[in-house]
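Remarks on the overall topology
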Amino acid sequence: MIHYRARKDNQMTKPVHRENRKSKIILSLLRWYRKHGRELPWRNEKDPYRILVSEVMLQQTQVARVQAKYPEFLKKYPTFKKLASAGTSDVVRAWRGMGYNNRAIRLHALSQKVVREHGAKLPHRIEDLRKLPGIGRYTAHAIACFAFGQRVPVVDINVFRVMGRLYPVNNKETLHTPHIVWELASAHLPRSNAHDWNQAMMDLGSTICTAARPRCGSCPLKRYCPSAHAAPQKLLRRSRIEPGRNGIPNRIYRGKAIEVLRDLKAGASMNSASLARKVVTDFTPRDRPWFRSLLQSLERDGMVRLRGKTRISLSD
């Protein structure tokens, strides 16, 4: 594993093979975390189900919003069995305010599969976790570490950024590829307490080593970071143009449609033309094929049910 020696002026010198720097990074960050780690309602949880719910909610959603919604959702659906037995429309309604409603559908499907195939208990192995609906590499590793105490790396966008700045490539404007960052994260796991280490890395990226304005002066790793006080680096990502209408992504319209349908009584449906006018203020007849396609995509994702050519409702 290549390590870098940082000079006092925070400029990077030649790379060296040295475990000493890595050990100091680990000790410094864990010491910082004991004093400054965020107090979050799911952080001291031991129940794998509750940890899973928090991880799904945290996908692409601000922590503050999850903090408000997390206890409310768990009160309604405290176990896999409760969630699995619920109707799809009820779960979507309970997800109100979280956005990215596909997550609610996948969490519902996951709970049904866990009840059906795993006796209402999450599997421990990462490869089995990744076979569940909506579980990718990050979430599988997070559950393995935070719910089952496994010594595995957990790499979200914050950890990606921190590791990339600690170990920049020659081109200082870019960071490493995800594969390399996962290897770096794995190499830095302490022999024990991987739970706190992974949480500390995410907290550091969320509160100190931020994307646009990193607070390098307050960073516990500034002595070991060749990027300290440098301009923020850019991730190795290609810009992606989302499908949409008049510059607004379809996902925004999808979310608006679900919000309108949530207000219907259970089992009720509404005219798709009426829905269109509520979702798109400047809706015209020319938009009908596009809006129909939007509704069909929601149906494919299991969120709505199209009743003939004109009626629509949340999935049963």
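Coordinates for the structure precede this section.
Cut-offs and rules
- Residues numbered from 1 in each chain as written.
- Predicted model: local features only at pLDDT ≥ 70, side-chain atom pairs only at ≥ 80, totals over all residues.
- Heavy atoms only, no water.
- Phe/Tyr/Trp six-rings, centres within 6.5 Å; stacked < 30°, edge-to-face > 60°.
- Helix = DSSP H or I, 4+ residues; strand = E, 2+ residues; numbered from the N terminus.
- Buried < 20%, exposed > 50% of the residue type's maximum accessible area, 1.4 Å probe, protein only.
- Pairing = 2+ DSSP bridges.
- Axes fitted to C-alpha atoms, helices over the stretch in contact; angles between N-to-C directions.
- Parallel < 35°, antiparallel > 145°, perpendicular 65-115°, else oblique.
- Left-handed = near helix turned anticlockwise from the far one by under 90°.
- Contact = heavy atoms within 4.5 Å.
- Nonpolar A, V, L, I, M, F, W, Y, C, P; charged D, E, K, R; others polar.
- Core = buried A, V, L, I, M, F, W, Y, C linked by side-chain atoms within 4.5 Å.

1. Digging into the packing of aromatic side chains
Per the counting criterion, the structure on display carries seven aromatic pairs. Ring centres of Tyr 253 and Trp 290 lie 4.9 Å apart, and the angle between their planes is 80°; this geometry places the pair in the edge-to-face category. Of this pair, Tyr 253 sits in helix α12 (residues 250-262) while Trp 290 sits in helix α14 (residues 288-300); the two residues are 37 residues apart in sequence, bridging distant segments of the chain. Residue Tyr 253 is classed as buried on the basis of its relative accessible area, which comes to 3%. When the centroid spacing of 6.0 Å and the interplanar angle of 50° are considered together, the rings of Trp 290 and Phe 291 count as tilted.

2. What to know about the environment of Ile 105
Within the fold, Ile 105 resides in helix α6 (residues 102-118). Residues Ile 105 and Ser 315, spaced 210 residues apart in sequence, show a C-alpha to C-alpha distance of 10.0 Å.

3. Brief notes about the pairing of strand β7 (residues 311-314)
Of the pairings in the sheet, the one linking strand β5 (residues 270-271) to β7 comprises two bridges and is antiparallel in character. Its bridge partner being in β7, Met 270 is matched across the sheet by Ile 312. Counting the residues in the hairpin turn of strand β6 (residues 304-307) and β7 gives three residues, including Gly 308, whose phi is positive at 70°.

4. What about the packing of helix α8 (residues 137-146) against helix α11 (residues 194-207)?
At a closest axis distance of 9 Å, the pairing of α8 and α11 adopts a crossing angle of 135°. Judged by the angle between their axes, α8 and α11 are oblique. Between α8 and α11 the crossing geometry is left-handed. Residues Tyr 138, Cys 145 and Phe 146 of α8 form the contact with α11, whose own contacting residues are Ala 194, His 195, Asn 198, Gln 199 and Met 202. In terms of residue class, the contact of α8 with α11 is made up of five nonpolar, three polar and no charged.

5. Topic: the nonpolar core
Looking at soluble globular proteins, one finds that nonpolar side chains tend to be buried together. If you look at the biggest cluster of nonpolar residues, it comprises 70 residues, and the most contacted ones within it are Leu 52, Phe 73, Leu 122, Met 163, Trp 197 and Leu 204. Sequence-distant contacts of Phe 73, that is, excluding residues within four places in its chain, are made with Tyr 49, Val 53, Met 57, Leu 83, Ala 94, Trp 95 and Leu 107.

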